[in-house]
Amino acid sequence: MRRLIPGWKPQKGKKKKNAKARKQRRAAQRRWLRPALIGSLSAAYLSGMAWGIHWSFASGLVERTGNRVERAALDASIGAGLAVHEVLVEGRNETTKEQLLKTVGIRRGDPILALDTDEIRERLIALGWVGDASVERRLPGTVYLRLWERQAMAIWQRHGSFVLVDRTGAVIGTQGLDRYTHLKVIVGKDAPRHAPALLDMLATAPPLMKRVRAAIWVSGRRWNLRLDDGIDIRLPEENAQAAWTRLATLERDRQLLSQDIIAIDLRIRDRLIVRRRNDPMPKDST
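The structure presented is a predicted model; accordingly, all values stated were derived computationally and were not measured.

### Points about the sheet that holds strand 2 (residues 130–138)
Turning to step 1, where the next piece is worked out: A sheet is described by the order of its strands in space; here three strands give the open sequence 1-3-2, paired in mixed fashion. Each edge of the open sheet is held by one strand with a lone partner, namely strand 1 (86–90) and strand 2. Averaged over all pairs of adjacent strands, the angle between strand axes in this sheet comes to 20°, irrespective of strand direction.
Turning to step 2, where the next piece is worked out: One ladder, built from five bridges, connects strand 1 with strand 3 (residues 142–149); its direction is parallel. By the bridge assignment for strand 3, E90 is matched with R146.
Turning to step 3, where the next piece is worked out: Sheet strands in contact with helix 4 (residues 117–125) are strand 2 and strand 3, and its direction is about 155° off that of strand 2.

### A closer look at the nonpolar core
Within soluble globular proteins, side chains that are nonpolar tend to cluster in buried spots.
Turning to step 1, where the next piece is worked out: Among the nonpolar cores identified, the biggest contains 35 residues, and I186, L225, I233, W244 and I264 are the most heavily contacted of them.
Turning to step 2, where the next piece is worked out: Per-element tally for this core: the top contributor is helix 5 (residues 191–202), with six residues.
Turning to step 3, where the next piece is worked out: Each residue touching I233, except ones within four places of it in the same chain, is listed here: W223, N224, L225, L227, L247, L257, I264 and L266.
Turning to step 4, where the next piece is worked out: Grouped together as the second largest cluster of nonpolar side chains are 15 residues, V84, V104, L127 and L145 included.

### Remarks on unusual backbone geometry
Turning to step 1, where the next piece is worked out: Residue P140 follows L139 across a cis peptide bond; omega there is 15°.
Turning to step 2, where the next piece is worked out: In this fold, P140 is placed in the loop between strand 2 and strand 3.
Turning to step 3, where the next piece is worked out: Residue D190 is not a glycine yet carries a positive backbone phi of 65°.
Turning to step 4, where the next piece is worked out: Classification of D190 by relative accessible area gives partly exposed; the value is 35%.

### A closer look at the pairing of strand 4 (residues 152–158)
Turning to step 1, where the next piece is worked out: Counted residue by residue, strand 4 has five buried out of seven residues, so it is predominantly covered.
Turning to step 2, where the next piece is worked out: Alignment of strand 4 against strand 5 (residues 161–166), held across six bridges, turns out to be antiparallel. Bridged to W156 within strand 5 is V163.
Turning to step 3, where the next piece is worked out: Connecting strand 4 to the next strand, strand 5, in antiparallel fashion are two residues, including H159 with a positive phi near 50°.
Turning to step 4, where the next piece is worked out: In terms of strand pairing, strand 4 meets strand 7 (residues 185–187) through three bridges, oriented parallel.

### A look at the pattern of salt bridges
Turning to step 1, where the next piece is worked out: Tallying each qualifying case throughout the model produces 18 salt bridges.
Turning to step 2, where the next piece is worked out: With a closest N to O distance of 3.3 Å, R121 and E122 form a salt bridge.
Turning to step 3, where the next piece is worked out: Note on R121: relative accessible area 28%, which makes it partly exposed.
Turning to step 4, where the next piece is worked out: In this structure, a network of salt bridges that share partners links the residues R211, D228, D229 and E251.

So, how was this worked out
Just so you know, the residues in each chain are numbered from 1, in the order the chain's sequence is written. With pLDDT at 70 or above as the cut-off, local features in this predicted model cover only qualifying residues; side-chain atom pairs require 80 or more to be listed or tallied, and sums for whole chains, interfaces and linings still use all residues. Derived side-chain values reflect all non-hydrogen atoms in the structure, with water molecules and hydrogen atoms excluded from consideration. For two strands to pair, DSSP has to find at least two bridges joining them. Each helix corresponds to a stretch of at least 4 residues labelled H or I by DSSP, and each strand to a stretch of at least 2 residues labelled E; elements are numbered beginning at the N terminus. Helix axes are fitted to C-alpha atoms over the stretch in contact, other axes to C-alpha atoms as well, and angles between N-to-C directions run from 0 to 180 degrees. Residues count as neighbours in contact if any of their non-hydrogen atoms are within 4.5 Å of one another. By nonpolar core we mean a set of buried residues, namely Ala, Val, Leu, Ile, Met, Phe, Trp, Tyr and Cys, connected to one another through side-chain atoms within 4.5 Å. The rule is simple: take the accessible area with a 1.4 Å probe, protein chains only, and divide by the maximum for that residue type; under 20% is buried, over 50% is exposed, in between is partly exposed. By salt bridge we mean one thing: a side-chain nitrogen of Lys or Arg within 4 Å of a carboxyl oxygen of Asp or Glu.

Here is the structure:
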């Protein structure tokens, strides 16, 4: 039962106005409530989904499911004929077959789509003789390996042992060392980096170059040469090419090296200092 205010009298048309106002307020409430409700539900859904994803990763479910899916896909690929049946190799001369198989780690019947070609390439490049390599899948079942092997330039004596090096100064290693005994022996820190220029210089006088057995990089500045009969040749720091050409000319014209000589010093420009066996002091020669 409603209580009425004393003296209050309903006015004509007032009831309709109040009903219309209430209707407008309810419509406004619905317009406000609908987005708020949708936003709340969306936030709750996203929050629940995020928690579910976090739980899936934390519990290992995603990884296990992914592994199962991946394994099933690889098994299916093998069933479809996408398995390794042969490995083709091009450019292999120094790298042994055993080294290659062990490094690549590919077995017949492995799923070819599972091979990590970049990783296999990196393992190949780590081999001493391999300067570069490429690895390709040739579907359905062939793996193609292309090797670019290094060219041995010299034998580097370091820390009391001998290793092969190429013209870039890269160390190849000891494999095949017994087959490259004809190469020059170089000695000294950073000798491989300076050896290409030396060998190019020596090649300008082939008969004399054949007699060079070893080269010692001295103090990071110049070379000493050791000939096959034990004669030491001291080259200058500057104008080594001119000194080498002069020595080659003297050997050709005067057979200087056939004399009883143990050392020749070319470090002073326009002078040739020769030390003969049993000489107390070196002598100048023109």
